[in-house]
Amino acid sequence: MRRLIGKTDKANKARETTRAEAHRARKSRPPKKQLGLRGWLLRGGFGIVAAGVVSGGLALAWQQGYPQQVVDRLHLAGVNLTGSAGLTLRRVTVEGRLRTPRADVFAALGATQGDPILGIDIDQARARLESIDWVRSAVVERRLPDLIHIQIAERSPVAIWQNRGRFSLVDTDGHVINRQDVGGWSHLPIVVGDGAPERTRDLLAMLATENRMAERVRAAVLVSGRRWNLHIGDPSSDVEIRLPETDPDKAWAWFASLQRDHNILARDVRIVDLRTPDRLVVRLASDVVEETQVLKGGDYQTSYRHRCRS
């Protein structure tokens, strides 16, 4: 018993000695050196340099495409997570579709039922929709939790373009709508020639100034990309109206007034040439050429000659 008590006292004394020595050692340490203004500036400058190095490394990595890959992976993981949470495509509604093929609309959307709805790229879907011939503009809306709504404004055909034996529809903007069959649009006028679609709107606006005559125009041929030849009547009794390159609207209005006053087309006319200002040249089927010139005061002078056969 005495032996055990003696050992315990010695151990306690040893621990107390160790603690006292540790305390004296801490007191004997020199105080921490306080940083002056210069020290802080040096440390801050090093931080700025380090930040610049890191930023430069990130910029270089960005140029190499590595951060974008990381962002894409994180985005994909997030989208898949939302899909697992129930935000998936279940319904698609389409407004304004009359002639656009339904299959083309869903192909342009680029998504199928069950895909994460947040993973559908709305802007790309709209761009693909507007690349369809019939679509003039489109709006794509994401309506959570499960609906995509598509609104379409379709193009309105105003003419048929005949070019190198092929037929296509043309809208008011001069856009060509490619179709295999234009039979359902036979009531529209035909425009012929390279560059005709882009000038169709101006042509129709000019013709519309004389509505009764415009209804009789069957086709218009763009000659050398500069002027129009109009064709009136059916192919068996076709009359060609040659408009000038300059001020065709004035020539068209003059011809319409002459038709109202003198009923020129009631005769056996083949060609009406309006290319010379204030001069009307009419070629009859009998190869007789009738030339009418506007005189001062609004009077007319008419002469006839027989066209020589070549």
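What counts as what
Residues numbered from 1 in each chain as written. Predicted model: local features only at pLDDT ≥ 70, side-chain atom pairs only at ≥ 80, totals over all residues. Heavy atoms only, no water. Helix = DSSP H or I, 4+ residues; strand = E, 2+ residues; numbered from the N terminus. Buried < 20%, exposed > 50% of the residue type's maximum accessible area, 1.4 Å probe, protein only. Contact = heavy atoms within 4.5 Å. Areas by Shrake-Rupley, 256 points an atom, 1.4 Å probe, with all protein chains shown as cover. Salt bridge = Lys/Arg side-chain N within 4 Å of Asp/Glu carboxyl O. Axes fitted to C-alpha atoms, helices over the stretch in contact; angles between N-to-C directions. Parallel < 35°, antiparallel > 145°, perpendicular 65-115°, else oblique. Left-handed = near helix turned anticlockwise from the far one by under 90°. Nonpolar A, V, L, I, M, F, W, Y, C, P; charged D, E, K, R; others polar. Polar contact = N/O pair within 3.5 Å; in protein donor to acceptor, adjacent residues only side chain to side chain. Pairing = 2+ DSSP bridges. Phe/Tyr/Trp six-rings, centres within 6.5 Å; stacked < 30°, edge-to-face > 60°. Arc of directions from axis to C-beta.

Caption draft 1: Spotlight on the overall build of the chain. A tally of helices and strands in the chain yields eight helices and 14 strands. Within the span of the chain, comprising 310 residues, buried residues form 30% of the whole. Once local pairs closer than 6 in sequence are excluded, the contacts in the chain between residues at least 24 apart make up 44%. For the chain, the accessible area works out to roughly 20800 Å², and carbon and sulfur atoms hold 53% of it.

Caption draft 2: Structural context of the pattern of salt bridges. For the structure on display, the rule yields twelve salt bridges. Taking the shortest distance from any N to any O, the salt bridge between R155 and D171 comes out at 2.9 Å. Here R155 is found in the loop between β3 (147-154) and β4 (157-163), whereas its partner D171 is found in strand β5 (residues 166-171), with 16 residues between them in sequence. D171 shares its class with R155; the two are buried. One salt bridge in this structure joins R218 and D238, with 2.7 Å as the shortest N-O distance.

Caption draft 3: Structural detail: the packing of helix α4 (residues 102-109) against helix α5 (residues 122-130). Contact geometry for α4 and α5: axes closest at 8 Å, N-to-C directions at 150°. By the angle class used here, α4 and α5 are roughly antiparallel. Handedness of the α4/α5 crossing: right-handed. Touching V105, A108 and L109 of α4 are A125, R128 and L129, all from α5. For the contact of α4 with α5, the residue count by class is five nonpolar, no polar and one charged.

Caption draft 4: Expanded view of the side chain of H231. Within the secondary structure layout, H231 lies in strand β9 (residues 227-232). Overall, the relative accessible area of 14% leaves H231 in the buried class. For H231, the side chain forms a polar contact with the side chain of D238, separated by 2.9 Å. Apart from the residues within four sequence positions on either side, H231 is in contact with R216, V217, R218, A219, V221, D238, V239 and E240.

Caption draft 5: Expanded view of the sheet that holds strand β2 (residues 135-143). Across the sheet, which stays open at both edges, the three strands sit in the order β1-β3-β2 with mixed pairing between neighbours. Edge positions in the open sheet fall to β1 (91-95) and β2, since each of these has one partner strand only. Here the strands of the sheet are splayed against their neighbours by 15° on average, with no regard to which way each runs. Where β2 and β3 come together, eight bridges link them in antiparallel fashion. Paired with V135 across the two strands is E154, which belongs to β3. Along the sheet, α4 contacts β1 and β3; its crossing angle with β3, the most-contacted strand, is approximately 125°. The strands that α5 touches are β2 and β3; relative to β2, the one it contacts most, it runs at about 155°.

Caption draft 6: Broad picture of the packing of aromatic side chains. On inspection of all chains with the given rule, the structure shows two aromatic pairs. A centroid spacing of 6.2 Å and a plane angle of 35° characterise the contact between W134 and W185, whose relative ring orientation is tilted. One end of the pair, W134, is in the loop between α5 and β2; the other, W185, is in the loop between β6 (176-178) and β7 (190-192), with 51 residues separating them in the sequence. With relative accessibility at 5%, the residue W134 sits in the buried group.

Caption draft 7: Spotlight on α4. Of all the residues in α4, the buried ones are V105, A108 and L109. Projection of α4 onto a plane perpendicular to its axis shows the buried side chains occupying an angular sector of 105°, all on one side. Turned more than 90 degrees away from the buried face of α4, the exposed residues are A103 and A107. The inward-facing, buried residues of α4 contact β1, α5 and β3. Following α4 by one or two positions, G110 has its phi on the positive side, about 70°.

Caption draft 8: Structural detail: the environment of R142. Here R142 lies in strand β2. Along the chain, R142 and I122 lie 20 residues apart, while their C-alpha atoms are 7.7 Å from each other. With sequence-adjacent residues up to four places away left out, R142 is seen in contact with I117, L118, I120, I122, L147 and I148. At 2.8 Å, the side chain of R142 forms a polar contact with the backbone oxygen of I117.

Shape descriptors only; they carry no functional weight alone.
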